[in-house]
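# Analysis of the macromolecular model
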Amino acid sequence: MKKTLARGLMNLLPMALSLWLFWSLFVSLDGLGIVILELVGINQHFVGAGFMLVVALVFAVGLLFSVSPIVWLYGWLERQLMRFPLFKSVYGSIRDIASLMNRDGKPTSQKTVLVKQANGSFVVGFIMTDTPPQPLLDALPEGDWVPVLFQLSYQMAGVTSLIKRDDLTMVDWSFEEAMRFNLTAGISQTPSQ
């Protein structure tokens, strides 16, 4: 009985939590949209009307950002706000994470690698870019250095190390599958693995 209960829980819990998360997001966005509708004087609405309004507004903003004057104005505003150190840190991090998720069909530049440790074990890492910032290259000894991210399990945090390319073992494994493997400490694997 204990095994059956655990199996039921392990199958039901991820689905229930995912559905709850998406439902909560829907309800929050719908509430935001209803507030906007009521601000403009529309008091009669149906469930989902606010959500549809928020989606339409986001789509409209996406269209506006295809117009050069809007892009220039937003870039100017962004540069002004980036002068504030705290804003720069928070906004820069969020923007970088969002850009990781939005590739617009571009092929991923992240490569999965193995890095051999002193005790003979290996750590899964990711080459996030082929060109480290120039100040780092200036400070390092001669060599082909690349930044490698070591993702920490069960959190959106990691450690970035600069490693010589010769010390890396390239792995033919997609970034998404390898990231899922790292984030779940190896528990989550696709059926083909």
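Residues numbered from 1 in each chain as written. Predicted model: local features only at pLDDT ≥ 70, side-chain atom pairs only at ≥ 80, totals over all residues. Heavy atoms only, no water.

### Re the pattern of salt bridges
Overall, the coordinates contain two salt bridges when judged by the stated rule. Between Arg 165 and Asp 144 there is a salt bridge whose closest N-O contact spans 2.7 Å. Of this pair, Arg 165 sits in the loop between strand 4 (158-164) and strand 5 (168-170) while Asp 144 is found in the loop between helix 5 (134-139) and strand 3 (145-151), placing the two residues 21 residues apart along the sequence. Here Arg 165 falls in the partly exposed class, since its relative accessible area comes to 24%. (Salt bridge = Lys/Arg side-chain N within 4 Å of Asp/Glu carboxyl O. Helix = DSSP H or I, 4+ residues; strand = E, 2+ residues; numbered from the N terminus. Buried < 20%, exposed > 50% of the residue type's maximum accessible area, 1.4 Å probe, protein only.)

### Looking at the sheet that holds strand 5
On the basis of which strands lie adjacent, the open sheet formed by five strands has the order 4-3-2-1-5 and antiparallel pairing. Strand pairing shows two members of the sheet lacking a second neighbour, strand 4 and strand 5, which therefore form its edges. Averaged over all neighbouring strand pairs, the angle between strand axes comes to 40°, with direction disregarded. In terms of strand pairing, strand 2 (residues 122-127) meets strand 3 through two bridges, oriented antiparallel. Bridge pairing in strand 3 links Ile 127 to Val 148. The sheet contacts of helix 6 (residues 175-183) involve strand 1 (111-116), strand 2 and strand 3, and relative to strand 2 the element is tilted by about 135°. (Pairing = 2+ DSSP bridges. Axes fitted to C-alpha atoms, helices over the stretch in contact; angles between N-to-C directions. Contact = heavy atoms within 4.5 Å.)

### Examining a nonpolar patch on the surface
On the surface, Val 61, Leu 64, Phe 65, Val 67, Ile 70, Val 71 and Tyr 74 cluster together into a nonpolar patch covering about 530 Å² of accessible area. Elements with a contribution of two residues or more to the nonpolar patch: helix 2 (49-64) and helix 3 (68-81). With three residues, helix 3 is the largest single contributor of residues to the nonpolar patch. Relative to the assigned elements, Phe 65 resides in the loop between helix 2 and helix 3. (Patch = residues over 30% accessible without salt bridge, like charges linked within 9 Å, V, L, I, M, F, W, Y side chains within 5 Å. Areas by Shrake-Rupley, 256 points an atom, 1.4 Å probe, with all protein chains shown as cover.)

### Section: the pairing of strand 1
Pairing analysis gives six bridges linking strand 1 to strand 2, with the strands arranged antiparallel. Bridge pairing in strand 2 places Thr 112 opposite Phe 126. In this antiparallel pair of consecutive strands, strand 1 and strand 2, the connection spans five residues, and Gly 120 shows a positive phi of 95°. One ladder, built from three bridges, connects strand 1 with strand 5; its direction is antiparallel. Bridging across to strand 5, Val 113 finds its partner in Met 170.

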